[in-house]
Amino acid sequence: MTTVLGIETSCDETAAAVVRRAAPDAPAEILSNTVYSQIADHAAYGGVVPEIAARAHVEGLDAIIARAMAEAGTGFDEIDAVAVTAGPGLIGGLMVGVMTARAICSARNLPLIGINHLEGHALTPRLTDDLDFPYLLLLVSGGHTQILLVNALGDYRRWGTTIDDALGEAFDKTAKLLGLPYPGGPAVEREAAKGDPKRFAFPRPMKGEERLDFSFSGLKTAVRREATALAPLTETDIADLCASFQTAVTDTLADRIGRAFALYRAEFGDGPAALVVAGGVAANAAIRTRLGDLCATNDFKLHAPPLNLCSDNAVMIAWAGLERFEAGETGNRDVAPRSRWPLDPSAEALIGGGRRGAKA
Ligand code: KG4
Ligand code: ZN
C-alpha cells in the first residue's frame, strides 16, 4: 500500500490531495482533493498577479493541507511520501509549496519527491482512465500549450509548443479586450455560442506548417484590430468576434493535432492509439467536439480527464509522486523550486512561453 500527499502551488490554485493504492496493479483511490482557487483575488487585474498569488499561498497552504489530510482520514504516519510541484511556474508560489513540503518531510522523516507540474498533467489519464503508455497529450492551459508524446514514466517528448501566448492566455486577453470577465475562456465560449463564426476571417496561425508549434499572438491582434474598427461594439459584434476567434482556434488545433497523428502513426504504426486533452482550456466544448471528431476519423481514442482533474489540482501531483515512488524513486529533501523546467530536456526553449515563460 502506498499513500502520497501531493501539494500544488505553481500558479493561482493552492491545492493538496491524498492518493493511495494497494499495489502497483490496483486502481488508485483519491482520498481527498482540496483546491482553493484564487480567481477572485486576481479577477480585478484580468490575470494572475505573482505577488498576490505567492501571498495567498502562504496564507492558505497550511489549512489546505490540514483539510486534505482530514478529508482523507489519514495521519502523517500513514503517508509514505510527499510529492510537491517544484516547477515550472511562478517562483514565489513554488517556494511556498516546496518549503512547506520540506518542513513536513523533515518533521516526519518522509521522502520528498519534486514533481514537474507538466508531468502531473501528463500522467493524470493513467489515474482516471488506466491508460497505458505511449499516448499523445495536448496540454492547453493558461500557462502552457504543448503537444507531448508521453512515452513512459519520465520519458516525454515535446513535439510542439507555443512560440508566444499560451492558448488560455489568448482566450483571457481576447475576453479582456472585449470587456468580458476573467477568466476569459468560459466567457468567450458563452459569447461564441450566440455568435456567427463566419463573420470574421481571422488567421489560423501556423496552419499547414511542418513543425508542430503554435502561435496565438497574431490571432489576438487580428481580434483587437477588428474590435477597434467596429467600436463601440454591440452585443452581436462581441458574440461574432468570440465565435470567429473560437473557430480559428479549433481549426488551428485540429490542423496541429492532425499532423501529430501522422507523426505518431509513422513512429508507432497502426493499432490502438490515444489522445489526451488536459489543462483548463480542455473545458471548452467546441474544442472537445472538434478533437473528438478528429480522433474518430483517425482511429484515436480521445481521453479528457474530468474537469476538476484537468485544470490545476494536487491529485495529479500526488499521483505522479506515487508512480515515481512505486518505481523506486527515493526522493530528495533538498529539491529546489525552479520557474523554468522543460519536461523534455532535449526540447529547446522557444521564446515566450506564456505567463510562466520568458515574459513573466
Ligand atoms: O489549467 P488551468 O485551470 O490553470 C492555469 O493555467 O493556471 O487553465 C486556466 C485557463 C484560463 O486561461 C482560462 O481562461 C482557460 O483555462 N479556460 C478556458 C475555458 N475554461 C477555462 N478556455 C476556453 N474555454 C473554456 N471553457
Ligand atoms: Zn497546469
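Keep in mind that this is a model prediction, so the values were computed, not measured. (Residues numbered from 1 in each chain as written. Chains lettered and ligands numbered in written order. Predicted model: local features only at pLDDT ≥ 70, side-chain atom pairs only at ≥ 80, totals over all residues. Heavy atoms only, no water.)

S.K.: Sorry, what's going on with the site of ligand 1 here?
M.R.: By nearness alone, 22 residues border ligand 1, and Gly142, Asp172, Gly185, Glu189 and Gly280 come closest of all. Contact between ligand 1 and Gly168: an oxygen atom at 3.1 Å from a main-chain N or O atom of the residue. Between ligand 1 and Val281 there is a distance of 3.5 Å, counted from an oxygen atom to a backbone nitrogen or oxygen. Coverage of ligand 1 by the protein amounts to 91% of the 550 Å² it exposes when considered alone. Per-element accounting of the shell around ligand 1 gives the leading share, four residues, to helix α6 (residues 184-192). Residue classes in the shell around ligand 1 are distributed as six nonpolar, 10 polar and six charged. (Near = heavy atom within 4 Å. Polar contact = N/O pair within 3.5 Å; in protein donor to acceptor, adjacent residues only side chain to side chain. Areas by Shrake-Rupley, 256 points an atom, 1.4 Å probe, with all protein chains shown as cover. Helix = DSSP H or I, 4+ residues; strand = E, 2+ residues; numbered from the N terminus. Nonpolar A, V, L, I, M, F, W, Y, C, P; charged D, E, K, R; others polar.)

S.K.: Help me out: how do you make sense of the coordination of the zinc ion (ligand 2) in this one?
M.R.: For a metal bound by four donors in a tetrahedral arrangement, the ideal donor-metal-donor angle is 109.5 degrees, while six donors in an octahedral arrangement ideally sit at 90 or 180 degrees. In this structure, His117 (NE2), His121 (NE2) and Asp312 (OD) serve as the protein donors to the zinc ion (ligand 2), at separations of 2.0 to 2.1 Å. In primary-sequence terms, the residues that donate to the zinc ion (ligand 2) follow H-x3-H-x190-D. Note that His117 and His121 are positioned in helix α4 (residues 117-128) at a spacing of four residues, about one turn of the helix. For His117, a relative accessible area of 0% corresponds to the buried category. (Donors = N, O, S within 2.8 Å, 3.2 Å for Na, K, Ca; no water. Buried < 20%, exposed > 50% of the residue type's maximum accessible area, 1.4 Å probe, protein only.)

S.K.: I keep staring at the confidence of the model for the protein chain and nothing clicks. Help me out?
M.R.: One rule of thumb: low pLDDT means the predicted coordinates there are not for detailed reading. Averaged over all residues, the pLDDT of the protein chain equals 93, while 96% of them reach at least 70. Note on residues 352-360: pLDDT under 50 across the span, and 36 contacts to partners over four residues away in sequence or across chains. (pLDDT = per-residue confidence, 0-100. Contact = heavy atoms within 4.5 Å.)

S.K.: Looking at this model, I keep getting lost on a nonpolar patch on the surface. Mind explaining?
M.R.: Together, Ile91, Met95 and Met99 make up a nonpolar patch on the protein surface, roughly 260 Å² of accessible area in all. Tracing the sequence through the fold places Met99 in helix α3 (residues 91-108). (Patch = residues over 30% accessible without salt bridge, like charges linked within 9 Å, V, L, I, M, F, W, Y side chains within 5 Å. Salt bridge = Lys/Arg side-chain N within 4 Å of Asp/Glu carboxyl O.)

S.K.: I keep staring at the sheet that holds strand β1 (residues 2-8) and nothing clicks. Help me out?
M.R.: Paired through backbone hydrogen bonds, the strands of a sheet run either parallel or antiparallel to each other. The strand order β3-β2-β1-β4-β5 describes an open sheet built from five strands, whose pairing is mixed. Bordering the open sheet on either side are β3 (29-37) and β5 (112-116), each of which pairs with just one other strand. When the angles between neighbouring strand axes are averaged without regard to direction, this sheet yields 20 degrees. Sitting on the sheet, α3 touches β1, β4 (81-87) and β5, and the angle it makes with β4 is about 160 degrees. The strands touched by α4 are β1, β3, β4 and β5; relative to β5, the strand with the most contacts, the crossing angle is about 95 degrees. (Pairing = 2+ DSSP bridges. Axes fitted to C-alpha atoms, helices over the stretch in contact; angles between N-to-C directions.)

S.K.: How should the side chain of Asn116 be read in this particular structure?
M.R.: Mapped onto the secondary structure, Asn116 falls in strand β5. Taking the relative accessible area as the measure of exposure, Asn116 reaches 3% and is therefore buried. Here Asn116 is in contact with Gly87, Pro88, Trp341, Pro342 and Leu343, once residues within four sequence places are set aside.

S.K.: Quick question: what am I supposed to make of the side chain of Thr174 here?
M.R.: Among the structural elements, Thr174 can be located in helix α5 (residues 167-177). Residue classification places Thr174 among the buried residues on the basis of a relative accessible area of 0%. Looking at Thr174, its side chain comes within polar contact range of the main-chain oxygen of Ala170, at 2.7 Å. Discounting chain neighbours no more than four positions away, the residues touching Thr174 are Val223 and Phe245.

S.K.: What exactly am I supposed to notice about the pairing of strand β7 (residues 145-152) here?
M.R.: Working note: regular strand, side chains alternate between the two faces of the sheet. Burial runs high along β7: seven of the eight residues are buried. The sheet contact formed by strand β6 (residues 135-140) and β7 spans six bridges and is antiparallel. Across the sheet, the residue bridging to Val140 is Thr145, located in β7. Note: β7 against strand β8 (residues 155-161), six bridges, orientation antiparallel. Across the sheet, residue Val150 finds its bridge partner in β8, namely Tyr156. Where β7 folds back onto β8 in an antiparallel hairpin, the turn is made up of two residues, including Gly154, whose phi is positive at roughly 85 degrees.

S.K.: Where do I start with the sheet that holds β6 in this structure?
M.R.: Pairing in this open sheet of five strands is mixed, and the strands run β8-β7-β6-β9-β10 from one edge to the other. The open sheet has two edge strands with one neighbour each: β8 and β10 (301-303). Pairs of neighbouring strands in the sheet enclose a mean axial angle of 25 degrees, with direction left out of account. With four bridges joining them, β6 and strand β9 (residues 274-278) adopt parallel strand pairing. Bridge assignment links Leu139 to a residue of β9, and that residue is Ala278. With respect to the sheet, α4 is in contact with β6, β7, β8 and β9, its orientation differing from that of β6 by roughly 130 degrees. Across the sheet, helix α9 (residues 285-298) is in contact with β6, β9 and β10; its angle to β10 comes to roughly 155 degrees.

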